[in-house]
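So the chains spell out like this:
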Amino acid sequence: QVQLVESGGGLVQAGGSLRLSCAASGRTFSNYVMGWFRQAPGKEREFVARISRNGGSTYYADSVKGRFTISRDNAKNTVYLQMNSLKPEDTAVYYCATTMVPLSYKFDYWGQGTQVTVSS
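Every residue gets a number counted from 1 within its own chain, in the order that chain's sequence is written. Local features are withheld for residues below a pLDDT of 70 in this predicted model, meaning they are given only at 70 or higher, and side-chain atom pairs are given and counted only at 80 or more; totals for whole chains, interfaces and linings count all residues. Calculation of side-chain values draws on the structure's entire complement of heavy atoms; hydrogens and water are dropped beforehand.

Asks: Outline the sheet that holds strand E3 (residues 18–25), supporting the account with residue identities and numerical values.
Replies: Two strands qualify as a pair provided DSSP detects at least 2 bridges between them. A run of H or I in DSSP becomes a helix once it reaches four residues, and a run of E becomes a strand once it reaches two; helices and strands are each numbered from the N terminus. The strand order across the open sheet formed by four strands is E1-E3-E8-E7, and the pairing between neighbours is antiparallel. The open sheet has two edge strands with one neighbour each: strand E1 (3–7) and strand E7 (68–73). Averaged over all pairs of adjacent strands, the angle between strand axes in this sheet comes to 15°, irrespective of strand direction. Taken together, the six bridges between E7 and strand E8 (residues 78–83) define a ladder with antiparallel strand orientation. Simply put, an axis is a line fit to the C-alpha atoms, just over the touching stretch for a helix, and the angle between two N-to-C directions goes from 0 to 180 degrees.

And the structure:
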């Protein structure tokens, strides 16, 4: 059974940085695309970033491009989201996600989420 556990959220001032981590277990981590999503209060969950199985390809939402960096360590079964130059509008619950099958970009498994709050 796939398990995803996020950590690293917290309260930070605007302009600050945070690094989120997501530890995966239950199957061969390196076979699957990983992603980060977020959901702000009263809004729908939105895509943030994704990374290919070997980490060689990344893709970002326009709203975070140039400020956030997704990476992965397949030896540690962990995906990261480095968030710099944070803005109040980045405040949300951040979710780690992965796909059910290799080579898919449909995210089917989700972590429990970690809260990120950016104060102005």
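Asks: Just give me the short version of the environment of Ala14, but keep the residues and values in it.
Replies: Within the secondary structure layout, Ala14 lies in the loop between strand E2 (10–13) and E3. Expressed as a C-alpha distance, the spacing of Ala14 and Thr117, which sit 103 residues apart in the sequence, is 9.4 Å. Any pair of residues with heavy atoms lying within 4.5 Å of one another is described as a contacting pair. If sequence neighbours within four positions are ignored, Ala14 has contacts with Leu86, Pro88, Val118, Ser119 and Ser120.

Asks: Explain the environment of Leu81 residue by residue, including any values.
Replies: With respect to the helices and strands, Leu81 occurs in strand E8. Taking the relative accessible area as the measure of exposure, Leu81 reaches 0% and is therefore buried. Once the C-alpha coordinates of Leu81 and Ser71 are considered, the two residues, 10 residues apart in sequence, prove to be 6.6 Å apart. Leaving out residues up to four positions away in the same chain, Leu81 has contacts with Leu18, Arg19, Leu20, Trp36, Val48, Ala49, Phe68, Thr69, Ile70 and Tyr94. Here's how the labels work: a residue is buried when its accessible area is under 20% of the maximum for its type, exposed when over 50%, partly exposed in between, all with a 1.4 Å probe on protein chains only.

Asks: Before we move on, could you go through the pattern of salt bridges and cite the residues and values that matter?
Replies: When a carboxyl oxygen of Asp or Glu lies within 4 Å of a side-chain nitrogen of Lys or Arg, that pair is called a salt bridge. The full count for this structure, using the stated rule, is five salt bridges. Note that Lys65 is salt-bridged to Asp62, the shortest N-O span being 3.0 Å. Among the residues examined, Asp62 registers a relative accessible area of 67% and is labelled exposed. Lys106 serves as the salt-bridge partner of Asp108, at 2.5 Å between the closest nitrogen and oxygen. By relative accessible area, which is 25% here, Asp108 ends up partly exposed. You can call Lys106 exposed: its relative accessible area is 53%. Among the charged side chains, a network of salt bridges with common partners joins Arg38, Glu46, Arg67 and Asp90.

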